[in-house]
Amino acid sequence: MTTPLPFAVRMLGITKRFPGVVALDDVTLEVRRGEVHAICGENGAGKSTLMKILSGVYQPDCGILEVDGSAASFTGTRDAERSGIAIIHQELALVEDLPVAANVFLGRERRGLLGLVDDRSMEDECERLFSLLECSVSPRDRTGSLRVGDQQLVEIAKALSLEASIVVMDEPTSALTEAESVRLERTIQRLVSQGTTILYISHKMDEVFRLADRITVLRDGRHVKTVDTSATSPREVTGWMVGRDIAGHGFHQERPRGAKILEVRQLTLPWPEHPRGYRLKDISFDLHAGEILGVAGLMGAGRTELLEVLFGAGEDTWTGTVSLYGKSVRFDHPSEACRARIAMVSEDRKRLGLFPDLDVAGNVSLCALHEALRNGLLSRAAEEDLAAGPVRDTGVKTPGLHAAITGLSGGNQQKCIIGRWLLTKPEVLLLDDPTRGIDVGAKAELYTLIDRLCRQGLGVILTSSELPELLTLADRIIVLAEGRLTAELPRSGATEARIMEAATAG
Amino acid sequence: MAATNLNPAGRSPPGSQAAPRLRRTAWFGLRNGEWALLAAIAVAFLLTGLVDSNHSYFKDPWVSLTDIARNTAMLGIFALGATVVIIAGGIDLSSGSMIALSGTVCAVTMLALSPTEMMGLKPVASVVVAAGVAAALLTGFLVGTLHAWLITAVRLPPFIATLATLVGLRSFARALCESATHAITPTKSALINVYDPAFKAVRENVWVPVTVFAILALFTWVLLTRTVLGRHIHALGGNEQAARLAGIRTENVKWFAYCFGAMTAALAGLFYVANESVAQPMNQGRGHELNAIAAAVVGGCSLSGGVGTVPGTVLGAIFLRVIIDAVSKIIKTGADVYEGLIVGVVVVIAVTFSQFGALAKGGRRLLPGALGLCAIPTLSLFAGAIVSMTAGQNGGIATGVGSLLLLGLLRVWESRRDAT
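Residues numbered from 1 in each chain as written. Chains lettered and ligands numbered in written order. Predicted model: local features only at pLDDT ≥ 70, side-chain atom pairs only at ≥ 80, totals over all residues.

Colleague: I keep staring at the overall build of chain B and nothing clicks. Help me out?
Modeller: Scanning chain B from terminus to terminus reveals 18 helices and two strands. Each principal axis of the C-alpha atoms in chain B carries an extent, and together these give about 85 × 80 × 40 Å. Expressed as a percentage of the 420 residues in chain B, the buried residues total 42%. Taking the intrachain contacts of chain B between residues at least 6 apart in sequence as the baseline, contacts between residues at least 24 apart amount to 74%. (Helix = DSSP H or I, 4+ residues; strand = E, 2+ residues; numbered from the N terminus. Buried ≥ 20, exposed ≤ 12 C-beta atoms within 10 Å, placed from the backbone. Contact = placed C-beta atoms within 7 Å.)

Colleague: What am I meant to see in the overall build of chain A here?
Modeller: Regarding its fold elements, chain A presents 17 helices and 22 strands. A compact globule built from 506 residues should have a C-alpha radius of gyration of about 23 Å, and chain A, at 25 Å, falls within 12% of that. Judged by the C-alpha coordinates and their principal axes, chain A covers about 70 × 50 × 50 Å. Residues counted as buried form 48% of the 506 residues belonging to chain A. (Rg over C-alpha atoms; globule rule 2.2 N^0.38 Å.)

Colleague: Explain the pairing of strand β13 (residues 291-296) of chain A here, please?
Modeller: Two faces belong to every sheet, and in a regular strand the side chains alternate between them. All names here are of chain A. In terms of burial, β13 is a largely internal element, six of the six residues being buried. Residue alternation in β13 divides its side chains into two sets, E291, L293 and V295 and I292, G294 and A296, and both sets are buried. Sheet topology places β13 next to strand β20 (residues 459-463); five bridges connect them, and they run parallel. The residue bridging G294 from the neighbouring strand is L462, located in β20. (Pairing = 2+ DSSP bridges.)

Colleague: What should I look at first to understand the environment of T109(B) in this one?
Modeller: Residue and element names in this part refer to chain B. Its place among the elements puts T109 in helix α4 (residues 95-113). The spatial distance from the C-alpha of T109 to the C-alpha of A136 is 8.8 Å, given a sequence separation of 27 residues. Once residues lying within four places of it in the same chain are set aside, the contact partners of T109 are A131, G132 and A135.

Colleague: What is the right way to look at the packing of helix α3 (residues 61-87) of chain B against helix α14 (residues 310-331) of chain B in this model?
Modeller: For any two helices packed against each other, one specifies the inter-axial angle together with the distance between the axes. All names here are of chain B. For the pair α3 and α14, the least separation of the axes is 8 Å and the interaxial angle reads 140°. Classified by the angle their axes make, α3 and α14 are oblique. Helix-helix and strand crossings are classified by hand; for α3 and α14 the assignment is right-handed. Between α3 and α14, the residues in contact are S64, D67, I68, N71, T72, L75, G76, A79, L80 and T83 and V310, T313, V314, A317, I318, L320, R321, V322 and D325, respectively. Residues that form the contact of α3 with α14 fall into these classes: ten nonpolar, six polar and three charged. (Axes fitted to C-alpha atoms, helices over the stretch in contact; angles between N-to-C directions. Parallel < 35°, antiparallel > 145°, perpendicular 65-115°, else oblique. Left-handed = near helix turned anticlockwise from the far one by under 90°. Nonpolar A, V, L, I, M, F, W, Y, C, P; charged D, E, K, R; others polar.)

Colleague: Teacher, can you tell me more about the domain arrangement of chain A here?
Modeller: Note: interface size is frequently given as the accessible area lost on complex formation between the parts. Per the domain assignment, the segments making up chain A are domain 1 (7-242), domain 2 (260-341 + 426-503) and domain 3 (355-423). Spacing between the C-alpha centres of domain 1 of chain A and domain 3 of chain A amounts to 37 Å. (Domains from an automatic or database assignment.)

Colleague: In this structure, what is going on with the confidence of the model for chain A? I would like to understand it.
Modeller: Predicted coordinates in areas of low pLDDT are best not read in detail. Summarising the model, chain A shows a mean pLDDT of 87, and 95% of its residues fall at 70 or more. In the model of chain A, helix α8 (residues 234-242) of chain A stands out as the element of lowest mean pLDDT, 80, in contrast to strand β16 (residues 342-345) of chain A, which has the highest, 96. (pLDDT = per-residue confidence, 0-100.)

Colleague: I tried to follow the nonpolar core on my own but got confused; where do I start?
Modeller: Nonpolar side chains tend toward joint burial in soluble globular proteins. In this structure, L430(A), V460(A) and L320(B) are the most contacted members of the largest nonpolar core, which totals 181 residues. Each residue touching V460(A), except ones within four places of it in the same chain, is listed here: I292(A), L293(A), L429(A), L431(A), I450(A), L453(A) and C454(A). M11(A), V104(A), L129(A) and V237(A) belong to the second largest nonpolar core, which has 66 residues in total. (Core = buried A, V, L, I, M, F, W, Y, C linked by C-beta atoms within 7 Å.)

Colleague: Just to check I follow, could you spell out helix α15 (residues 440-455) of chain A for this structure?
Modeller: The periodicity of an α-helix, 3.6 residues per turn, causes residues three or four positions apart to be oriented the same way. All names here are of chain A. With 16 residues, α15 ought to run about 22 Å at 1.5 Å a step, and its terminal C-alpha atoms sit 23 Å apart, in line with that. Within α15, the full set of buried residues consists of A442, K443, L446, I450, L453 and C454. End-on, the buried residues of α15 take up no more than an arc of 110°, which puts them together on one face. Looking at the buried side of α15, the elements it contacts are β13, α14 (410-422), β19 (428-432), β20 and α16 (467-473). (Expected span 1.5 Å × (residues − 1). Arc of directions from axis to C-beta.)

Colleague: Explanation requested: the domain arrangement of chain B in the structure shown.
Modeller: On domain assignment, one finds that chain B holds domain 1 (29-361) and domain 2 (367-419). Here the C-alpha centroids of domain 1 of chain B and domain 2 of chain B sit 35 Å apart.

Colleague: In this structure, what is going on with the sheet that holds strand β7 (residues 166-170) of chain A? I would like to understand it.
Modeller: In sheet architecture, strand pairing relies on hydrogen bonds along the backbone and comes in two forms, parallel and antiparallel. Residue and element names in this part refer to chain A. Ordered by their spatial adjacency, six strands build an open sheet running β6-β7-β8-β3-β9-β10, and the pairing between neighbours is mixed. Among the strands making up the open sheet, the edge pair consists of β6 (85-88) and β10 (222-228). Taking each pair of neighbouring strands and ignoring which way they run, the sheet shows an average axis angle of 15°. Here strand β3 (residues 36-40) runs beside strand β9 (residues 214-219); their pairing, made up of four bridges, is parallel. The partner of H37 across the bridge, within β9, is R214. Each of β3, β6, β7, β8 (197-201) and β9 touches helix α1 (residues 47-54); the most contacted strand, β7, lies at about 150° to it.

Colleague: Would you take a moment to explain unusual backbone geometry for this structure?
Modeller: Despite not being glycine, D26(A) has its phi angle at roughly 55°, a positive value. For D26(A), a count of 14 C-beta atoms within 10 Å corresponds to the partly exposed category. For R155(B), which is not glycine, the phi torsion reads 65° and is therefore positive. Here R155(B) shows up in the loop between α6 (126-152) and α7 (158-184).

Colleague: Looking at this structure, how should I read the pairing of strand β11 (residues 260-271) of chain A?
Modeller: Residues and elements named next belong to chain A. Pairing of β11 with strand β12 (residues 277-288) involves eight bridges; the strand directions are antiparallel. Within β12, the position partnered with L269 by the bridge is L280. Between β11 and β12, which pair antiparallel and follow one another directly, the connecting turn spans five residues. Of the pairings in the sheet, the one linking β11 to strand β14 (residues 319-324) comprises five bridges and is antiparallel in character. Looking across to β14, one finds that E263 is bridged to S323.

Colleague: How should helix α10 (residues 228-238) of chain B be read in this particular structure?
Modeller: Among the eleven residues of α10(B), nine are classified as buried, and the element is accordingly described as predominantly covered. Contacts from the buried residues of α10(B) go to β18 (377-378) of chain A together with α3, α9 (207-226), α11 (240-245) and α12 (250-276) of chain B.

Colleague: Would you take a moment to explain the packing of helix α4 (residues 119-132) of chain A against helix α5 (residues 148-161) of chain A for this structure?
Modeller: All names here are of chain A. α5 packs onto α4 with a crossing angle of 110° between their chain directions and a minimal axis gap of 10 Å. Overall, the two elements α4 and α5 adopt an arrangement that is roughly perpendicular. α4 and α5 meet at a crossing whose hand is right-handed. Across the interface between the two elements, E125, C126, L129 and F130 of α4 pack against A157, L160 and S161 of α5. Counted by class, the contact of α4 with α5 contains five nonpolar, one polar and one charged residues.

Colleague: Sorry if this is basic, but what is going on with the confidence of the model for chain B here?
Modeller: Residues and elements named next belong to chain B. Counting all residues, the mean pLDDT for chain B is 88, and 91% of those residues have values of 70 or more. Residue range residues 1-24 is modelled with pLDDT below 50. Its contacts to residues more than four positions away, or to other chains, number 47 contacts. Reported for the predicted complex are a pTM of 0.80 and an ipTM of 0.81.

Colleague: What am I meant to see in the environment of G396(B) here?
Modeller: Residue and element names in this part refer to chain B. Counting through the fold element by element, G396 comes out in helix α18 (residues 393-419). With 18 C-beta atoms packed within 10 Å, G396 lands in the partly exposed category. The spacing of G396 and A383 is 13 residues in sequence and 7.6 Å in space, taken between C-alpha atoms. Setting aside chain neighbours within four positions, we find G396 in contact with G384, A385, V387 and S388.

Colleague: Quick question: what am I supposed to make of the environment of I438(A) here?
Modeller: Residues and elements named next belong to chain A. Inspection of the secondary structure puts I438 in the loop between β19 and α15. Judged by the 23 C-beta atoms lying within 10 Å of it, I438 is buried. Sequence separation between I438 and S83 is 355 residues; the distance between their C-alpha atoms is 33 Å.

Shown next as structure tokens:
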């Protein structure tokens, strides 16, 4: 930064209260025109609330908002769009059943003759925007049929079609493959070179440090620091985010490896409607007691499908053999896997794990309810005693067993779900990307928990979209690429580079 | 190898300190909304007693009470079934037709077993009555199984599957009635008279349906709150995919829920036959499925599943019948025309009230923008028309103008509130 640029956005002394919480407390954010400004903070730090105020979704309780030097007050997203601010939300807001072009122009449809919708002109404009974004999607494709990465580009095209001068991206790469992330970074650089200002929210330090000119750190709804990227380090920023220095995890001490529990041979899961013909092909590996087996792979490599087959949760029939303690097994329903002492914590907590209408105790006790029966009927007291154990052991922070599960943070919800499965006394624990969307502090707690369970003799299979996580926790790592097993690496031989090489192998 | 016991929970001392217990949101087993419903029932009783020119609630409470009790029990029995289906995340639109089919199956069975007595309007052997009742309940089980199969195996949405049976079962019941009478009796008939003393006794003793309803309510309450199956029903309705991944046999839980729904409707169908001394598939129970769903919704069930209680549904059924009875007391003649209107208005008002807290706190507007502006005359016109038809033209005009003014004031107040 040689000459300080004028400010594109200034948010001064912003405070926002929700019933029971102060989401933002006197937060100041100043973004210079044409820069990439990263906003970092744990979940609940107030990043998303701040961005929703900037884009007119919320109105601040007090504070001043200036856009391009003049005071602004937005009563809705339309106002913000008119001032040239577009936001790409973390959870994509697309209508899946509409074609891509209709989504890009949703609410601002172009009209032609007689006021009828002019699909042609919208499709042409879409085509132009997509070519800018190196995206080969046709504007006529049904949006729901696109991959997540392409859907994200549809959102970006929407922002571009607004001719927004300020684009807010809320954790855009959380669902992207490596290649898609790289493409997104190129897009961001192109936008910046055209003078667009980018506000970039992310957990991932490597991205932030590659892209951002400056970084603002928020913690617990307060502004901690704004610094030039060149003047700091990832470690320092993470420290500000959590308010303490995160020590390197000491999980590398040898864990005693026990007997072989699970043996998978030549596992193949067909996929007839796909040109590749299979979701998984000829997968073979072993799992021992007291061992964490990491499964690496890009999105779509078949990690989730592999765990689903082992847990009996998949719909399709597979070939090959899976042996549990030397006995061949084939589960057709998760309940059979449960009985064989296999547990699975699934990938999408909200969609596949939580019961929003049950309280904390109800969510934890669900799989072991028969233990809470007294005289043949459920006893609430027995159920609470049952749930209290795992709630304490996994370190769930909750106001009580009656608390609504939806009121807990993501990390605590995940601990509740792990606790639910611990009540079934599992011997094999399948963890599908268990720390996704969980903040740094809670991640460290989950690592400690997983390590402890493993030391108690569980066999753990862990998938993760973050390689450092696998390298931290796993004893061995198998790598999947497009449904095939391309490498099996001991921890000593595993590096990010080697894993990526295997994960992208044809 | 020895399985490592990883479950310290089993050994944890009872009442562990890990999590303090929060105060529960229920007093004496009832939630806020249910207390409100109870209060509304009391208010409706009092008001009707005062407004009714005959003051029949004060002069002759027993007649009104038995009437309301019988109607509540007959609605409540299959509203409990609807509650279980709705909590499980489904919907059963077919219960009105199931009522007709159940009555028909019962009557046809009795006709087939003792044709001379049935045709001569004479008592039949008690084993014949038992066979009729058993056949009706078995039909409920079969229809529930059909629903569960259509929904879990064919994967029809519950709305479509039970819409098909709503239309189909009534037609089936009519065809069954006609072909059975054609085969057994000299003439084809669209109804079968049932004069057996057992049915007569049920008609004349209101405590029978009330006791059956009470026992069924207790059973359903225990089922939903104190059994593993009940918890699985809640879990299924709250998040079906998560329930499956938690090892719950979701298709079996659904099977149970739809059988329970259809069998309670079959049970109600027997009371309809007893009450009217006839199995009449053309009109019996027609449209009553919506009353059952309304009772459940007024009682706090969420149609998206996972939420609902038995006390809520019981109170919802009582409330609906009390309001319907109140209107018939006030209007005196031809009140049955207004039954649907009452149910509709009660559902809208009850659900609006349950959101009242959110409405007040969130600052959401009831009459926003152009839509709100158009809603003001629409609502006033309906209110005025209803009152003028029931209480005379002057009252109607007064109500219409009054609503117009009140809603107008609400609109002005809302705009002012948001402007500041």
